[in-house]
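# Observations on the three-dimensional arrangement
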Amino acid sequence: MINNVNIVAVDDEQQQLTAIQNAFFSGGIPCLPIHYKYDLMDNRSGIDHIDVSNFQPRIVVTDLNLRNGSLGNTMELVTPIADLLIKLAIKGPYLLIFWSGVTAQVERVMELLQERFSEKITLPLHFSCIDKDLYLGNQDAKILTNKIIDLIDESALLKALLDWESRITKAAKQTTNSLFDLTKPSSLNPGAGYQSQHRSELERVLAKIGNETIGVLNANEAPELALDLGLAPVLHDQLNSISNENDSHIWKNAAPNIGVNIDIDQELATKLNSFYHIEQVNADYSKACRGVFLELDSNVLRDQTKLTKLENRFGTTIKELIEEEFLEQIVKVNNRELVRKSTKLGFVEISAECDQAQKKTKLHRYVIAALTPLKHSPEGEPEYNIFGKQNKKSHNGIYRVPDINIAGVDYMLQLSFKYQIGSLPSENLWLGNPLFRLRDQIMIDISFNCAQYISRPGIVAFK
């Protein structure tokens, strides 16, 4: 596990940095040693001379007294640490280890980091301290290696998360290894070198996988997507195999309530729904991607001619469509206008997976959708929330996604299978900027419900 963990080691004294670097390297532990060089004008963080943009450490080992400040003034210790962590811009869980001979100061430094810098930095999931006097100059590298492992073990939760990341990396490597082994030439052409023959076979196999996954024309346009999706099934199978071999106690120790019913509030439930069901995307994200939500282009709403064409296509006004299709069964009449004005009308791409895979030139299929904030604040009136039960819908062709959170705002997302359009996204002026993408799991359920709705039978009945 520890070999796959990204480690940063920071010290202002090159001799001590070299000592800890050698200790890590001798123990077979990869790390990035950074010589701390503070300068108020040119190197405020002390590590501005290092490009850390592509490095997300899970263990940070740093000297506690980076600027040789007064050991009696805790603020002189904590500010350099804060500047360092701001520069590293860590986004996920990590272990912060102070490499120091004055371990008594660590608790107060962590208190000040939390009190004064928690909005600027990601606080560590766990922190600890190594007394450098015990390890500097020690020739036995295993002592430091074992100490790092012991510090990771202090947090069962951090240990489980790092172990999971390590297994994901292992599964990816095993997938690549199996593909590499598969393409080894069975017989060698004496006139060509081994490398060129193996490389040629590997290139052919990768091309074939990509072509079969999303179709030849589509693979030519998006080779990265073709291979990522093409290798995903083998990667998933490798993950299952690795999980079966794993020590089941790691997760149990990390989350003792696994197997026990857990109650969560609405706010956390919404965040979890977002984690599982949506991916926020940039404005340049593909409008043809399955599951993408495209806001109705604002130019259509401002241009009466364009708006009239759109409303003629739907056979109703935008106002009536939003209210009758999405709000009538959920919002009271006196609140409906305010909620309608805050609702974003858009389109969700729901083409079948087989169309996405084997398409040539085709019309993408979109259904109309409404994104409505849950919280509303009428002027001069109390704030109120709209939730509504999942089964409160205008008709059976409405699909309500579990409530989601986008940029700190809770939303209700509803799709209507009643309104569908076929379009080339590059030529349709109604399709505005992408806001997010619905993930594969929820899209499978949406596609299933859409197929049920459009295939329901109509009967002639006499009573």
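A brief report on the enclosed structure follows. (Residues numbered from 1 in each chain as written. Predicted model: local features only at pLDDT ≥ 70, side-chain atom pairs only at ≥ 80, totals over all residues. Heavy atoms only, no water.)

### So, the pattern of salt bridges
- Inspection of the entire model under this criterion finds 18 salt bridges.
- For the salt bridge of Asp83 with Arg67, the shortest nitrogen-to-oxygen distance reads 3.1 Å. One end of the pair, Asp83, is in helix H2 (residues 74-88); the other, Arg67, is in the loop between strand S3 (59-63) and H2, and 16 residues separate them in sequence.
- Residue Arg204 pairs with Glu201 through a salt bridge whose shortest N-O separation is 3.1 Å. With Arg204 and Glu201 both in helix H6 (residues 194-214), this residue pair falls three residues apart, about one helical turn.
- Take Arg204: its relative accessible area is 53%, and that puts it in the exposed class.
- Judged by relative accessible area, which is 31%, Glu201 ranks as partly exposed. (Salt bridge = Lys/Arg side-chain N within 4 Å of Asp/Glu carboxyl O. Helix = DSSP H or I, 4+ residues; strand = E, 2+ residues; numbered from the N terminus. Buried < 20%, exposed > 50% of the residue type's maximum accessible area, 1.4 Å probe, protein only.)

### Considering the side chain of Asp297
- Among the structural elements, Asp297 can be located in the loop between strand S7 (292-296) and helix H11 (298-302).
- Salt bridges are absent for the buried Asp297, whose nearest opposite-charge side chain, Lys287, sits at 5.7 Å.
- Setting aside anything within four residues of it in sequence, one finds Asp297 in contact with Leu429, Trp430, Leu431 and Gly432. (Lys, Arg positive; Asp, Glu negative; His and termini not counted. Contact = heavy atoms within 4.5 Å.)

### Brief notes about the environment of Lys418
- Structurally, the position occupied by Lys418 is in strand S13 (residues 409-423).
- Once the C-alpha coordinates of Lys418 and Thr145 are considered, the two residues, 273 residues apart in sequence, prove to be 62 Å apart.
- Once residues lying within four places of it in the same chain are set aside, the contact partners of Lys418 are Glu325, His395, Gly397 and Tyr453.

### Comments concerning H6
- With 21 residues, H6 extends 31 Å between its outermost C-alpha atoms, agreeing within 8% with the 30 Å of an ideal straight helix rising 1.5 Å per residue.
- For H6, the set of buried residues is Gln197, His198, Val205, Gly210 and Ile214.
- Just beyond H6, the residue with positive phi is Gly215, at close to 90 degrees. (Expected span 1.5 Å × (residues − 1).)

### Details of helix H10 (residues 266-277)
- Here H10 contains twelve residues, and its C-alpha end-to-end distance of 16 Å stays within 8% of the 16 Å for a straight helix at 1.5 Å per residue.
- Here H10 has its buried residues at Ala269, Thr270, Asn273, Ser274 and His277. Down the axis of H10, the buried side of the element spans an arc of 140 degrees, and every buried residue falls inside it.
- Each element contacted by the buried residues of H10 is listed here: strand S6 (278-280), strand S12 (398-406), S13, strand S14 (431-438) and helix H16 (440-454). (Arc of directions from axis to C-beta.)

### Section: the sheet that holds strand S4 (residues 95-100)
- Sheet architecture is open: five strands sit in the order S2-S1-S3-S4-S5, paired in parallel fashion. Two strands bound the open sheet, and with one partner strand each, they are strand S2 (32-35) and strand S5 (126-131). Direction aside, neighbouring strands of the sheet carry axes that sit 20 degrees apart on average.
- Relative to S3, strand S1 (residues 7-11) is paired through four bridges, and the arrangement is parallel. (Pairing = 2+ DSSP bridges. Axes fitted to C-alpha atoms, helices over the stretch in contact; angles between N-to-C directions.)

### Examining the packing of H2 against helix H3 (residues 106-117)
- Two elements in contact, H2 and H3, have axes whose closest approach is 9 Å; the angle formed by their N-to-C orientations is 60 degrees. Relative to H3, the element H2 is oriented oblique. Where H2 crosses over H3, the two elements pack in a sense that is right-handed. Of the residues in H3, those in contact with Thr74, Met75, Leu77, Val78, Thr79, Ile81, Ala82 and Leu85 of H2 are Arg108, Val109, Leu112, Leu113, Arg116 and Phe117.
- Partitioned by chemical class, the residues of the contact of H2 with H3 number ten nonpolar, two polar and two charged. (Parallel < 35°, antiparallel > 145°, perpendicular 65-115°, else oblique. Left-handed = near helix turned anticlockwise from the far one by under 90°. Nonpolar A, V, L, I, M, F, W, Y, C, P; charged D, E, K, R; others polar.)

### Structural notes on the packing of helix H13 (residues 318-327) against helix H14 (residues 333-342)
- Taken N-terminus to C-terminus, the directions of H13 and H14 make an angle of 110 degrees; their axes are 10 Å apart at the nearest point. Our classification of the angle between H13 and H14 gives roughly perpendicular. Residues Lys319, Ile322, Glu323 and Leu327 of H13 form the contact with H14, whose own contacting residues are Arg336, Val339 and Arg340.
- For the contact of H13 with H14, the per-class residue count stands at three nonpolar, no polar and four charged.

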